[in-house]
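As a plain string of letters, each chain reads:
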Amino acid sequence: MSTDEVESEIHFMKTYCIMKWDELIKLNDNRKSLNQKITLGLATREDLMKQIKVELSMLDTCQLKIDQEMKENDTAYINTEILTILSNRINDMYNSMFLLFPVEKTTLSEYIEFCSNNTLFITKCSNMLDTLMSRYHSDPEVYITAATYEFDDRNDVESARKYFAEGLKYHENCKNLYVEEFWVEVQHLEKTAGASLPIAIEKYRNLIKRFEGDIEFHFILLDRAIQLSSAGELQCNVVRDMVRKYRHSELMWQKLAKIHFDGFIYHQDTEQLHYDKNYTSGIRNCIKTYEDGLKENLPLNNKHKLWNFYIDHIIEIRKSYRMKKETIRNFMNETMERAFQEAHDNKALLKAEYYIYWAENTNKDCHRILRKAVEVIEDSVELWINLISYYLSYDSLEMGIEAFQAGVRALTSNSMPLWEILILYLGNTHPKLLQQLYHEGSRFPFPEINFVIRPKYLEWSVVHEGILSTRELFIELRDIKPECKQLYTTMISFELAQNSGITKLKTIRKLYNDLCNAFGSTDIGVWFDCIRFEYLYGSPKLVKEIYKASLVCLKPDLRSIMAEEFEQLKEEFMEDDPKDGGVIVIEDDE
């Protein structure tokens, strides 16, 4: 900065109380320090970015102060030289950073934004970009950022094209560079009212030749082309090539159906494209496109995928606002019935959710659809639930039980939700049948089921049969292998709930003894439950013997944990360590 500029800056800061004197001294010291680092080659990118942020904040503050003064004093004159001084400094710092370090997209975008907000620097920005873009940059996004700025903000398509060309010299396989270059040509086509069509067509032709067979890339170009209405001829070329090149791809038919749905109607006979804003026409052409595609000689797996695309789109349409018109509703209802039935007949309806949607929206008997569904997808819990729930909702118990039994055979260890449905239903309607169901479920040869059913059976028994019958039932269920921990804990809770529970110490101790013997080698919790019971209802003097027994029974790696937690448990009950020994003997109640 010249001496005059320094004095002008100091004068403005003091006049409008922007900074205190000591703050201004510190700011200038930091500036000098950074300049020395730059001269000596010691400055880092972080040093420059930090100072740039400080200067940008100062620029904003000064601009606000100038605006405020002009408004409050109702004057159009105020010395704004400070804005030029600060802006020049910021611009110089960006220049230094771009010369010293690799250009990053984020930093370049911030510089472009700074220049765009300061009209005096628009030309300087373009000059800087022209210099920068003639160099190699490892990040292709840098070229995209510069080219986009020149086209969008400067309306300079030639500079944009030049920057893309430079980027593609170094990143010839970067698809995003090609796509953004094509997008600029599409937009330029709009700006020139179609005059630049030959250039856009040539760019497009080169792209599809370079990425021959890349259907996803073709889709990206199509998405860009159809964004602007004036690119009709270009759009037609892109769609025509897509249909010709990828006719045997299910993805092409899906894409074609989607653009039809959006109003871009392609006539395969004439190979012409036009836009129809009537959404009814879009829906009908969309459906016809899927059905045309399904008539093609596609491999079976690909045809099944197209069926899935078709079904998904039908569901999407039926859920959309476009179903308000009765004619469309009727058309889509007919389409749904036909499409789902044909997909099923072709063994292409392979998702449970499709059958459920069909059953919920059909005008026919939905249970017939669900019966078809479980024949096709036997392992779907959701389908079996829907089928059984349907029968039970109409109190068709015989059919419900038949479906339940078939579902249990199909799902085996995953059938618990089916048991729960039938248990809930029979509990409200057929208690005798419920007991039979509990009996069968407790012996069902999968722990995932019988571990849940056995405690439930006990709970049902204690309510309906009483404690004496429940004790007998417990013995039966206990002997079923593998042993069930929750069965013991449930029975213990029932015994504790009895009015005479505290006098039945031997019965409960026996239950805890069996529980610890069965699970005590790997489960610290059962020992603590047993100890808590003695603290609360039994004899605290027996606690130490139970603890000793746990250390013998538990696996070695669990013993230290047991010891630590036992000390905490003693503190909880404020229990002194029992001194008297003795062997715990547990007997049945007399």
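Refer to the structure printed above.
Given the structure is predicted, the values throughout are model-derived calculations rather than measurements. (Residues numbered from 1 in each chain as written. Predicted model: local features only at pLDDT ≥ 70, side-chain atom pairs only at ≥ 80, totals over all residues. Heavy atoms only, no water.)

### Brief notes about the overall build of the protein
- In terms of helices and strands, the protein carries 29 helices and 2 strands.
- Its C-alpha atoms give the protein principal-axis dimensions of roughly 110 × 80 × 50 Å.
- Considering the protein as a whole, with its 590 residues, one finds that 46% of them fall into the buried category.
- Taking the intrachain contacts of the protein between residues at least 6 apart in sequence as the baseline, contacts between residues at least 24 apart amount to 61%.
- Split by element, the accessible area of the protein, about 30,900 Å² in all, is 50% carbon and sulfur. (Helix = DSSP H or I, 4+ residues; strand = E, 2+ residues; numbered from the N terminus. Buried < 20%, exposed > 50% of the residue type's maximum accessible area, 1.4 Å probe, protein only. Contact = heavy atoms within 4.5 Å. Areas by Shrake-Rupley, 256 points an atom, 1.4 Å probe, with all protein chains shown as cover.)

### Regarding the nonpolar core
- With 187 residues, the main nonpolar core has Leu-108, Leu-234, Leu-256, Met-332, Phe-340, Leu-383 and Trp-419 as its most contacted residues.
- Excluding residues that lie within four positions of it along the chain, Leu-256 makes contacts with Val-239, Met-242, Val-243, Tyr-266, Gln-268 and Thr-289. (Core = buried A, V, L, I, M, F, W, Y, C linked by side-chain atoms within 4.5 Å.)

### Examining the pairing of strand β1 (residues 264-267)
- Sheet topology note: the β1/strand β2 (residues 272-275) ladder contains 4 bridges and is antiparallel. Following the sheet pairing, Tyr-266 is matched in β2 by Leu-273.
- Where β1 folds back on β2, the antiparallel hairpin that results is connected by 4 residues, among which Glu-271 adopts a positive phi of roughly 60 degrees. (Pairing = 2+ DSSP bridges.)

### Overview of the pattern of salt bridges
- Within this structure, the stated rule accounts for 32 salt bridges.
- Measuring nitrogen to oxygen at the nearest pair gives 3.2 Å for the salt bridge that ties Arg-368 to Asp-365.
- Note on Arg-368: relative accessible area 51%, which makes it exposed.
- With relative accessibility at 38%, the residue Asp-365 sits in the partly exposed group.
- Put simply, Glu-9, Arg-31, Glu-55 and Arg-89 are held in one network by salt bridges that share partners. (Salt bridge = Lys/Arg side-chain N within 4 Å of Asp/Glu carboxyl O.)

### Focus: helix α14 (residues 279-294)
- Between the first and last C-alpha of α14 there are 23 Å, a value that for 16 residues agrees with the 22 Å anticipated at 1.5 Å per step.
- For α14, the set of buried residues is Thr-280, Ser-281, Gly-282, Ile-283, Cys-286, Ile-287, Thr-289, Tyr-290, Asp-292, Gly-293 and Leu-294.
- Residues of α14 that are buried in the fold lie against α13 (250-261), β1, α15 (300-319) and α16 (326-345). (Expected span 1.5 Å × (residues − 1).)

### Overview of the state of the cysteines
- Applying the stated criterion across every chain yields a total of 0 disulfides.
- Looking at Cys-62, it has no disulfide partner, and the nearest cysteine sulfur is the one in Cys-17, 12 Å off.
- Overall, the relative accessible area of 0% leaves Cys-62 in the buried class.
- Note on Cys-516: no disulfide assigned, nearest cysteine sulfur contributed by Cys-530 at a separation of 4.6 Å. (Disulfide = S-S within 2.5 Å.)

### Looking at the side chain of Glu-296
- You can see Glu-296 is positioned in the loop between α14 and α15.
- Taking the relative accessible area as the measure of exposure, Glu-296 reaches 16% and is therefore buried.
- Engagement of the side chain of Glu-296 in a polar contact is seen with the side chain of Arg-247, the distance being 3.3 Å.
- Not counting the four nearest positions on each side in its chain, Glu-296 is found in contact with Arg-247, His-248, Trp-253 and Lys-303. (Polar contact = N/O pair within 3.5 Å; in protein donor to acceptor, adjacent residues only side chain to side chain.)

### Quick look at the packing of aromatic side chains
- A complete count under the given rule lists 31 aromatic pairs for this structure.
- Between Tyr-111 and Phe-114 the ring centres are 6.4 Å apart and the planes differ by 35 degrees, which places this aromatic pair in the tilted class. With Tyr-111 and Phe-114 both in helix α5 (residues 105-116) and 3 residues apart, this pair spans about one turn of that helix.
- The buried category is assigned to Tyr-111, whose relative accessible area is 0%.
- Relative to Trp-460, the ring of Tyr-438 lies with its centre 6.3 Å away and its plane at 50 degrees, an arrangement referred to as tilted. Taken as a pair, Tyr-438 in helix α22 (residues 431-442) and Trp-460 in helix α23 (residues 447-464) lie far apart in primary sequence, 22 residues in all. (Phe/Tyr/Trp six-rings, centres within 6.5 Å; stacked < 30°, edge-to-face > 60°.)

### Here's the deal with the packing of α14 against α16
- The contact between α14 and α16 brings their axes to 11 Å, and the two run at 10 degrees. By the angle between their directions, the pair α14 and α16 is classed as roughly parallel. Residues Tyr-279, Thr-280, Ile-283, Arg-284, Ile-287 and Glu-291 of α14 lie in contact with α16, whose contacting residues are Ile-328, Phe-331, Met-332, Thr-335 and Arg-338.
- Among the residues making up the contact of α14 with α16, the classes are represented as 6 nonpolar, 2 polar and 3 charged. (Axes fitted to C-alpha atoms, helices over the stretch in contact; angles between N-to-C directions. Parallel < 35°, antiparallel > 145°, perpendicular 65-115°, else oblique. Nonpolar A, V, L, I, M, F, W, Y, C, P; charged D, E, K, R; others polar.)

### Quick word on the environment of Leu-505
- Within the fold, Leu-505 resides in helix α26 (residues 505-519).
- Placed 421 residues apart in sequence, Leu-505 and Thr-84 show a C-alpha to C-alpha distance of 93 Å.
- Once residues within four sequence positions are removed from consideration, Leu-505 is found in contact with Phe-533, Tyr-537 and Gly-538.

### Brief notes about a nonpolar patch on the surface
- On the surface, a nonpolar cluster with roughly 260 Å² of combined accessible area is contributed by Leu-496, Leu-536 and Tyr-537.
- As for its position among the elements, Leu-536 is in helix α27 (residues 524-536). (Patch = residues over 30% accessible without salt bridge, like charges linked within 9 Å, V, L, I, M, F, W, Y side chains within 5 Å.)

### Things to note about the side chain of Ser-380
- Tracing the backbone shows Ser-380 in the loop between α18 (366-376) and α19 (381-393).
- At 3.2 Å, the side chain of Ser-380 and the backbone nitrogen of Leu-383 are in polar contact.
- Apart from the residues within four sequence positions on either side, Ser-380 is in contact with Ala-352 and Leu-411.

### Observations concerning unusual backbone geometry
- A cis geometry characterises the amide bond from Lys-481 onward to Pro-482, with omega recorded as -5 degrees.
- Of note, Asp-395 is a non-glycine position whose phi angle comes to about 55 degrees, a positive value.
- For Asp-395, the location among the structural elements is in the loop between α19 and α20 (397-411).

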